[in-house]
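Topology and contacts: notes
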Amino acid sequence: MASPPPLPAAGKSLRLAGALNISLPGAGLFYLGCRRTGATLALAFLVCFLAELGIFLVSYGRYLSLAMSDDLLKNDNLERIGDVFPRAWLIGFAGMGMVIYLWSIVLFTAAKRKFADPQAS
């Protein structure tokens, strides 16, 4: 059986850990001593966030290009303007980000219980 992760030092603040975990999923876990789990969650969330942001900005640039062009009503440009944003990718990355966020909350709650009562485990 694997040994449980080391408990955080007594000087750590649960409020600060909670604020960190809300700000960036996994950061509170990293602060409390679950470094590998916290770093993995934070990195995965940042990848989803940056991918979402990148896709949105590129798509918005395409949207502005079509919307500001002189030939908006020519050919099928007006019909294509709705297809500029790849909805499936945006929803997929947003969904993965939410799953990571919720999983981080679950793991943080468990780590917080261990921190508050080290004799429980």
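Here, the structure is the one placed above.
Right, let's walk through the structure included here. (Residues numbered from 1 in each chain as written. Predicted model: local features only at pLDDT ≥ 70, side-chain atom pairs only at ≥ 80, totals over all residues. Heavy atoms only, no water.)

Looking at the packing of helix α1 (residues 14–23) against helix α5 (residues 87–116)
So the rule is basically this: What counts as an axis is a line fitted to C-alpha atoms, over the stretch in contact for a helix, and the angles between N-to-C directions run from 0 to 180 degrees. Think of it this way: any DSSP run of H or I at least four residues long counts as a helix, any run of E at least two long counts as a strand, and we number them from the N terminus. For this classification, under 35 degrees means roughly parallel, over 145 means roughly antiparallel, 65 to 115 means roughly perpendicular, and everything else is oblique. Between two residues, a contact is recorded if the distance between any of their heavy atoms is within 4.5 Å.
The N-to-C vectors of α1 and α5 enclose an angle of 170 degrees; their axes lie 10 Å apart at closest approach. Of the possible angle classes, the one that applies to α1 and α5 is roughly antiparallel. Residues Leu14, Ala17, Gly18, Asn21 and Ile22 of α1 lie in contact with α5, whose contacting residues are Tyr101, Ser104, Ile105, Phe108, Lys112 and Phe115.

Remarks on α1
Operational definition: A simple rule labels every residue: compare its accessible area, found with a 1.4 Å probe on the protein chains alone, to the largest value its type can have, and call it buried under 20%, exposed over 50%, or partly exposed in between. By construction, the arc corresponds to the directions joining the helix axis to the C-beta atoms. By the criterion applied in these results, polar contacts are pairs of N or O atoms within 3.5 Å in which, for protein atoms, one can donate a hydrogen and the other can accept it, and in which residues neighboring in sequence qualify only through two side-chain atoms.
When α1 is considered as a whole, its buried residues turn out to be Ala17, Gly18 and Asn21. Seen from one end, α1 has its buried residues packed into an arc of 100 degrees, which puts them on one side. The exposed residues of α1 that point more than 90 degrees off its buried face are Arg15, Ile22 and Ser23. Tucked inside the fold, the buried residues of α1 contact α2 (27–32) and α5. Its side-chain oxygen 3.3 Å from the backbone nitrogen of Arg15, Ser13 forms the N-cap of α1.

Comments concerning helix α3 (residues 35–68)
For an α-helix the count is 3.6 residues per turn, leaving residues at separations of three or four pointing the same way. To be explicit about the condition: To estimate the expected span of a helix, subtract one from its residue number and multiply by 1.5 Å.
The terminal C-alpha atoms of α3 lie 48 Å apart, and with 34 residues this matches the ideal 50 Å at 1.5 Å per residue to within 8%. For α3, every residue scored as buried is listed here: Gly38, Leu41, Ala42, Phe45, Cys48, Ser59 and Leu66.

A look at the packing of α3 against α5
The condition that has to hold: For a crossing to be left-handed, the near helix must be turned anticlockwise from the far one by less than a right angle; the clockwise case is right-handed. Each residue gets one label: Ala, Val, Leu, Ile, Met, Phe, Trp, Tyr, Cys and Pro are nonpolar, Asp, Glu, Lys and Arg are charged, and the others, such as Gly, are polar.
Closest axis-to-axis distance for the α3/α5 pair is 9 Å, and the angle between their directions is 160 degrees. As the angle between them shows, α3 and α5 are arranged roughly antiparallel. Every pair of crossing elements has a handedness; the one defined by α3 and α5 is left-handed. Contact residues: Thr37, Leu41, Ala44, Phe45, Cys48, Ala51, Glu52, Ile55 and Phe56 in α3; Trp89, Leu90, Phe93, Ala94, Met96, Gly97, Ile100, Tyr101, Trp103, Ser104 and Leu107 in α5. Among the residues forming the contact of α3 with α5, the class breakdown is 16 nonpolar, 3 polar and 1 charged.

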